[in-house]
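# Observations on the three-dimensional arrangement
Here is how the chains run, residue by residue.
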Amino acid sequence: MAERRMHLGVFTYPGGHHIAGWRHGSVQPQEILGYDYYRRTAQAAERGKFDLVFVGDMLAAREKDGRVIAQGALNNIDSISILSAVAGATERVGLVATLSTTYNEPFAIAQRFASLDHLSGGRAGWNIITTANDDAALNFSRKSHMEKTMRYQRAREFVDICKGLWDGWEEGAVAADRASGTFVDTNKVRELDHKGQFFSVKGALDLPRSPQGWPVMVQAGGSPAGLEFAATVAELIFAAQSNRQEAIKFRAAVKQRMPGHGRDPAILKVLPGLLPILGSTEKEALEKETMLNELLHPAVGIWMLSEQMQFRLYDYPQDGPLPTADIRAGGSAFTPRVMHLMERADREGLSVRDCGVLVAASRSHGSFVGTPEQLVDHMKLWLDEGACDGFNVMPAYFHDEMDLFVDQVVPILQRRGLFRRDYEGTTLRHHLGLPIPCGSGR
Amino acid sequence: MHLLASLAAHGWHPAAWRVSSIAGFAGAAPFTAAAQTAERGGLDAVLLGLPTAPLAVRAAGRVDGLRLDPLPLVGLLIGATRRIGLGGYWPADVAEPFHVARVFATLDHLAGGRTGWIAGLDGRAELAARVQRPDLPTDDKEAALRLAELIDVARQLWDSWEDGGFVVDQSAGTFADPERVHPIDHAGRFFTVRGPLNVPRPIQGQPVILHRDVPAGDARAGAAANAEVVLAQPATIAEAKEARADWRSLAVRHGRDADGLRYVARTVAILAETEAAAVRRAAELDALAAPDAGATRFVGTPAQFAAHLAEWHAAGACDGFDILPAVLPIDLDLLVDVVVPLLRRRGLVRTGYDSTTLRGHLGLQRAESRFAA
């Protein structure tokens, strides 16, 4: 039997995904917001035949007590801007941008993604988020963040409207008949007339149907509400499980829910984040990891931990044990990631500082330290056991670690029949084996 | 004299698509080609996304009313050009200042400081059905106030990072200086925004604010607080002189230097080697579709056009022009290949780019952060 092939994305980031990655000597930190920085990443991804380049979205600064974190890196700058800029410098690689349904209007977002799909020749994807951090509300004239269930209800309606708008133009609606003067065959343009709980939208986009019909629908986030939303709309999930058994359970859980929404589970692709730290020997890789963790300012780790646990750890001794009893007594609704970390801290007696390093080093996604051969074994195991359909690679720092992956890991994956040797199509849907939407708004 | 060009896929005459060599819908390709042509001519900027026809006209299907979102289009052109400024229209009717500031700060970083935001309103006729929201202004006066506040908040957000805020000192491990990154704590009539922005200060300090024209009166008085380039469509030199003087005096009333404002006259151009040929082209186009009654337009030879621009400029009617090529690529090619060299010979436009930012091209100063000591 032919090996199941994996799908690869790269998650770009200013500096790198290890929170101290930007301090690595090979990084030119003044250039991490410039065009060439992103162009280089996208072109490396295309050289490595990656399925896609991924950019996240945050709508508030990283802060502690009302001030930006001095040692913390930035989040991603605007995703659509980055990906449209690199679209012209690449030909095949998919471009997945993140935009929030909580702080946008569907008409504008449908138009924006249709535009990205047109100008990239069918390579656009939309990572649909509802924005998890409360601070964003304060930048959008709202007193408080919308409650989670409401956010997902709004997201579903938002996405339905976008699909209706994308399907408003039939193929061939642009007649451009010079003799008769008919530019648009208006019989082939259907106006949407939507009235719902959150939105009323009437009209048609100012753009014909884009090459993919709809951008690839991507989702990230593993809460119960997020999981149900993913089962309803997602074709690709950017997952965050760092534990294989949990990843298997998560993927099965989403797939199990899909038929209930009239969807074929076979199309779903789940790509967990993976932060590799590579060396030509295991020892070299471990030394690289140690070096990076030494660059990590302890204050950053404790800040990230406090944010994730919604619990202030600043006044606890850094070398003392993680105060899991106090944290649990705080009564927050913990994410599976946080629960997992607290269990591990109890079991292994981890200190506050240790936990901070763990969280900050990989931003709580999966990481792997070793040689390229070992990494491929690890990736194959996850794939074979049904923990994933591939990975969203999160280089510790750009560009050296990305180049290392492309030049040393990808060839092994290809040799072992686990990854494509070349692109076989031109659209992101083709790379991912996804169907083209039929055009009926569903 | 400042020269800009507004781009539309086929051109600005409603019949352009019926005679242009460009296919019915060709995606971004015509924009890339036109921006590169304009850059060859050393123009200050190309402007993207300004509407070519109102919704009611577009809906009838007889004009090319297709509109690629100008924001990704600006993004794409960053990689396709090196020096020319890139202006993108983002109608402010329903926009949020944090989004506008974040996107344009990003674009300005990616473009090395070549971007400008074209601010303005699409109006209720355009948006009423598409975005139905009870919290949006229902009259023009309110909408103008919202727009002015939105621009002000976006500018505050760009200022929220001082130049020294983005430290990235690798050896010390200091990424940002919290003392130089400020919440803005804006609480206004339409917006409450805490800030700071989560993108460091744009290369230009603030991307250039280009403003669609606003009729004289309260709305213009408000717009003059922020507008750095006014995109107007005066019909005569006298009208232009009066409007320019008004904008400048209103800017001064806001405590600004009058020379920090560029009043730019927009004009459709139909050009040909002989005057007779240009007139014939115009007649042929008009026979296919009636031209927009409100548009100022010029029909003639490149030499006549150069003389016309020089005359307006010498009269103090404007600080420059936004040329709307009637048909692409021909009218833009003639502008760049014939009109621009004539203007250069007269010493009216520079012979090449002498700066790297849009502010530099326009002769506008870099914006300093209001938070800087």
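Residues numbered from 1 in each chain as written. Chains lettered and ligands numbered in written order. Predicted model: local features only at pLDDT ≥ 70, side-chain atom pairs only at ≥ 80, totals over all residues. Heavy atoms only, no water.

## Comments concerning the overall build of chain A
Of the regular secondary structure elements, chain A holds 15 helices and 15 strands. Expected size for 442 residues packed as a compact globule is a radius of gyration near 22 Å; at 22 Å, chain A falls within 12% of this value. Referenced to the eigenvectors of the C-alpha coordinate spread, the extents of chain A come out at roughly 80 × 55 × 45 Å. Expressed as a percentage of contacts within chain A between residues at least 6 apart in sequence, the contacts between residues at least 24 apart total 77%. As presented, chain A carries roughly 16,400 Å² of accessible surface, and 49% of it is formed by carbon and sulfur atoms. Positive and negative side-chain charges of chain A, numbering 49 and 53 respectively, have mean locations separated by a distance of 3 Å. (Helix = DSSP H or I, 4+ residues; strand = E, 2+ residues; numbered from the N terminus. Rg over C-alpha atoms; globule rule 2.2 N^0.38 Å. Contact = heavy atoms within 4.5 Å. Areas by Shrake-Rupley, 256 points an atom, 1.4 Å probe, with all protein chains shown as cover. Lys, Arg positive; Asp, Glu negative; His and termini not counted. Charge placed at Lys NZ, Arg CZ, Asp CG, Glu CD.)

## Things to note about unusual backbone geometry
As a rule of thumb, non-glycine residues mostly have phi less than zero, and peptide bonds are mostly trans rather than cis. For the peptide bond that leads from Phe-398 of chain A to His-399 of chain A, omega is 10°, which places it in the cis range. Tracing the backbone through its elements, the reader meets His-399 of chain A in the loop between strand 15 (390–393) and helix 14 (400–415). Residue Pro-196 of chain B is reached from Gly-195 of chain B by a cis peptide bond, and omega for that bond is -5°. One can find Pro-196 of chain B in the loop between strand 8 (192–193) and strand 9 (208–212). Backbone geometry at Ser-141 of chain A places phi at a positive 55°, although glycine is not the residue there. Relative to the assigned elements, Ser-141 of chain A resides in the loop between helix 4 (135–138) and helix 5 (148–166).

## What to know about the packing of aromatic side chains
All told, the structure shown has 22 aromatic pairs over all chains when counted by the stated rule. Residues Tyr-103 of chain A and Phe-140 of chain A carry aromatic rings whose centres are separated by 4.7 Å and whose planes lie at 35° to one another, so their mutual orientation is tilted. Pair noted here: Tyr-103 of chain A is in the loop between strand 5 (94–100) and helix 3 (106–119) and Phe-140 of chain A is in the loop between helix 4 and helix 5, with a separation of 37 residues, a long-range link. Overall, Tyr-103 of chain A belongs to the buried group, its relative accessible area being 4%. Residue Phe-140 of chain A is classed as buried on the basis of its relative accessible area, which comes to 3%. A connected cluster of aromatic rings, assembled from ring pairs, spans Phe-113, Trp-126, Phe-158, Trp-166, Phe-198 and Phe-199 of chain A. Just above the ring of Trp-90 of chain B sits the side chain of Arg-112 of chain A; from NZ or CZ to the centre is 5.0 Å. If you follow Arg-266 of chain B out to its NZ or CZ, it ends over the ring of Trp-12 of chain B, 5.5 Å from the centre. (Phe/Tyr/Trp six-rings, centres within 6.5 Å; stacked < 30°, edge-to-face > 60°. Buried < 20%, exposed > 50% of the residue type's maximum accessible area, 1.4 Å probe, protein only. Lys NZ or Arg CZ within 6 Å of the ring centre and 35° of its normal.)

## Side note on the state of the cysteines
All names here are of chain A. For the structure on display, the rule yields 0 disulfides over all chains. With no disulfide partner, Cys-438 has as its closest neighbouring cysteine sulfur the one in Cys-162, 17 Å distant. Residue Cys-438 is classed as exposed on the basis of its relative accessible area, which comes to 66%. (Disulfide = S-S within 2.5 Å.)

## Side note on the confidence of the model for chain B
Of the residues in chain B, 100% reach a pLDDT of 70 or more, and the chain-wide mean stands at 96. Across the predicted assembly, pTM comes out at 0.96 and ipTM at 0.97. (pLDDT = per-residue confidence, 0-100.)

## Considering the pattern of salt bridges
Under the definition given, this model contains 53 salt bridges over all chains. With a closest N to O distance of 2.9 Å, Asp-135 of chain B and Arg-133 of chain B form a salt bridge. (Salt bridge = Lys/Arg side-chain N within 4 Å of Asp/Glu carboxyl O.)

## Here we look at the interface of chain A and chain B
Taken together, the contacts link 69 residues of chain A with 71 residues of chain B. Broken down residue by residue, the surface that chain A buries against chain B is led by Arg-178, Phe-183 and Asp-206 of chain A, which jointly contribute 12%. Counting across the chain A and chain B interface gives 6 salt bridges. The salt bridge partner of Asp-206 of chain A is Arg-130 of chain B, with a shortest N-O separation of 2.9 Å. The interface formed by chain A and chain B includes 41 residue pairs in polar contact (both at pLDDT 80 or more). Listed by contribution, the elements that provide at least two residues to the side of chain A that touches chain B are helix 1 (35–47), strand 4 (67–68), helix 2 (79–87), helix 3, strand 7 (174–177), strand 8 (182–184) and strand 10 (200–203) of chain A. Among the elements that make up the side of chain A that touches chain B, the one with the highest residue count is helix 3 of chain A (7 residues). (Buried area = accessible area lost by both parts, 1.4 Å probe. Polar contact = N/O pair within 3.5 Å; in protein donor to acceptor, adjacent residues only side chain to side chain.)

## Some thoughts on the pairing of strand 12 (residues 236–239) of chain A
All names here are of chain A. By the alternation rule, side chains of strand 12 split into Leu-236 and Phe-238 and Ile-237 and Ala-239, which are all buried. With helix 6 (residues 224–233) bridging strand 11 (residues 216–220) and its parallel neighbour strand 12, the resulting β-α-β unit is right-handed. As paired strands, strand 12 and strand 13 (residues 269–278) are joined by 4 bridges and run parallel to one another. Looking at the pairing, Phe-238 lines up with Leu-271 of strand 13. As for the winding sense of the linkage, the β-α-β connection from strand 12 through helix 7 (residues 244–257) to strand 13 is right-handed. (Right-handed = clockwise from strand over helix to strand, strands pointing away. Pairing = 2+ DSSP bridges.)

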